[in-house]
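What follows is the residue order along each chain.
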Amino acid sequence: MSYALLSLFIPTFFFVSITPGMCMTLALSLGMSIGVRRSLHMMWGELLGVGLVAAAAALGVATLMLKFPEAFVILKLGGGAYLLWLGIQMWQSKGKLVMPEPGSEVVVQGNFQLALNGFVTAIANPKGWAFFVTLLPPFLDQSAPLAPQLAVLILMILLLEFICLLIYASGGKALSHLLMDRGNVKLMNRIAGSLMMAVGVWLAFG
């Protein structure tokens, strides 16, 4: 792959990744409530989903999926309802994703569940499929072997996505420290819960 092509590909997909969306909002919310380190478990699940979507888009599977949006309905509604339920719990300062108030019992959500949240959010997002269907194929040289090109591009996409997730989660963590310094733990949980509910509604009806 030419350097000229990569010099266009990298900023294009960085812009796509850094633009606020469901996955970035989820990273921001988790960064606020459970910190960057534990949010990494959500991130690897989300990256797995993004990798599958990117590969499917490049291989043409997404074209069929976009023609039959009914295939997304159950996954979208189910995943959206689950994230909405988590957000409501966070808003009420209870559940496994909240920042505990002084003297309260700490309940921790499992690492696999965090990864599943990220995975479902990534693969159930039709806009993500549309982005990859539109933007990825033009960077593939049809006269050259596709597998090596696809591997390089997907690895770059995942690296860019991971960097952006870290940026959002770190921003959420910084915001949580600001609120914690002022003793507003409940307010922080409500902000994080509201973001989580927004992701759930967005996923289900976006």
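Residues numbered from 1 in each chain as written. Predicted model: local features only at pLDDT ≥ 70, side-chain atom pairs only at ≥ 80, totals over all residues. Heavy atoms only, no water.

## As for the overall build of the protein chain
A tally of regular secondary structure across the protein chain gives 9 helices and 0 strands. Tracing the protein chain from N to C terminus, the helices and strands come up as α-α-α-α-α-α-α-α-α. Buried positions account for 42% of the 206 residues belonging to the protein chain. Sequence-distant contacts in the protein chain: of pairs separated by 6 or more residues, those separated by 24 or more amount to 85%. (Helix = DSSP H or I, 4+ residues; strand = E, 2+ residues; numbered from the N terminus. Buried < 20%, exposed > 50% of the residue type's maximum accessible area, 1.4 Å probe, protein only. Contact = heavy atoms within 4.5 Å.)

## Some remarks on the environment of Tyr82
Counting through the fold element by element, Tyr82 comes out in helix 5 (residues 70-91). Distance in space between the C-alpha atoms of Tyr82 and Gly200 is 7.2 Å, their sequence separation being 118 residues.

## So, the packing of helix 3 (residues 35-58) against helix 7 (residues 126-135)
Packing of helix 3 against helix 7 brings their axes to within 8 Å, and their N-to-C directions diverge by 45°. Between helix 3 and helix 7, the crossing angle belongs to the class labelled oblique. Two packed elements cross with a definite hand, and for helix 3 against helix 7 that hand is right-handed. Residue-level contacts link Val50, Val53, Ala54, Ala56 and Ala57 of helix 3 to Gly128, Trp129, Phe132 and Val133 of helix 7. A per-class count over the contact of helix 3 with helix 7 returns 8 nonpolar, 1 polar and no charged. (Axes fitted to C-alpha atoms, helices over the stretch in contact; angles between N-to-C directions. Parallel < 35°, antiparallel > 145°, perpendicular 65-115°, else oblique. Left-handed = near helix turned anticlockwise from the far one by under 90°. Nonpolar A, V, L, I, M, F, W, Y, C, P; charged D, E, K, R; others polar.)

## Side note on the environment of Ile167
Take Ile167: it is sitting in helix 8 (residues 146-181). On the accessibility criterion, Ile167 (44% relative accessible area) is partly exposed. Expressed as a C-alpha distance, the spacing of Ile167 and Ala27, which sit 140 residues apart in the sequence, is 8.8 Å.

## Examining the confidence of the model for the protein chain
Averaged over every residue, the pLDDT of the protein chain is 79; the share at 70 or more is 83%. Element-level pLDDT for the protein chain is lowest in helix 4 (residues 61-67), with a mean of 61, against a maximum mean of 90 in helix 3. (pLDDT = per-residue confidence, 0-100.)

## Focus: a nonpolar patch on the surface
A surface patch of nonpolar side chains, about 510 Å² in accessible area, is lined by Val73, Leu77, Leu84, Ile88, Val201 and Phe205. For the nonpolar patch, the element with the most residues is helix 5, which contributes 4 residues. With respect to the secondary-structure elements, Val201 resides in helix 9 (residues 185-205). (Patch = residues over 30% accessible without salt bridge, like charges linked within 9 Å, V, L, I, M, F, W, Y side chains within 5 Å. Areas by Shrake-Rupley, 256 points an atom, 1.4 Å probe, with all protein chains shown as cover. Salt bridge = Lys/Arg side-chain N within 4 Å of Asp/Glu carboxyl O.)

## Thoughts on helix 9
Across its 21 residues, helix 9 extends 30 Å between first and last C-alpha, which sits within 8% of the 30 Å expected from 1.5 Å per residue. Taken as a whole, helix 9 has its buried residues at Val185, Met188, Asn189, Ala192, Gly193, Met196, Met197, Val199, Gly200, Leu203 and Ala204. (Expected span 1.5 Å × (residues − 1).)

## Observations regarding the side chain of Thr25
One can find Thr25 in helix 2 (residues 22-33). Here Thr25 falls in the buried class, since its relative accessible area comes to 14%. For Thr25, the contacting residues outside a window of four places in its chain are Leu195, Val199 and Trp202.

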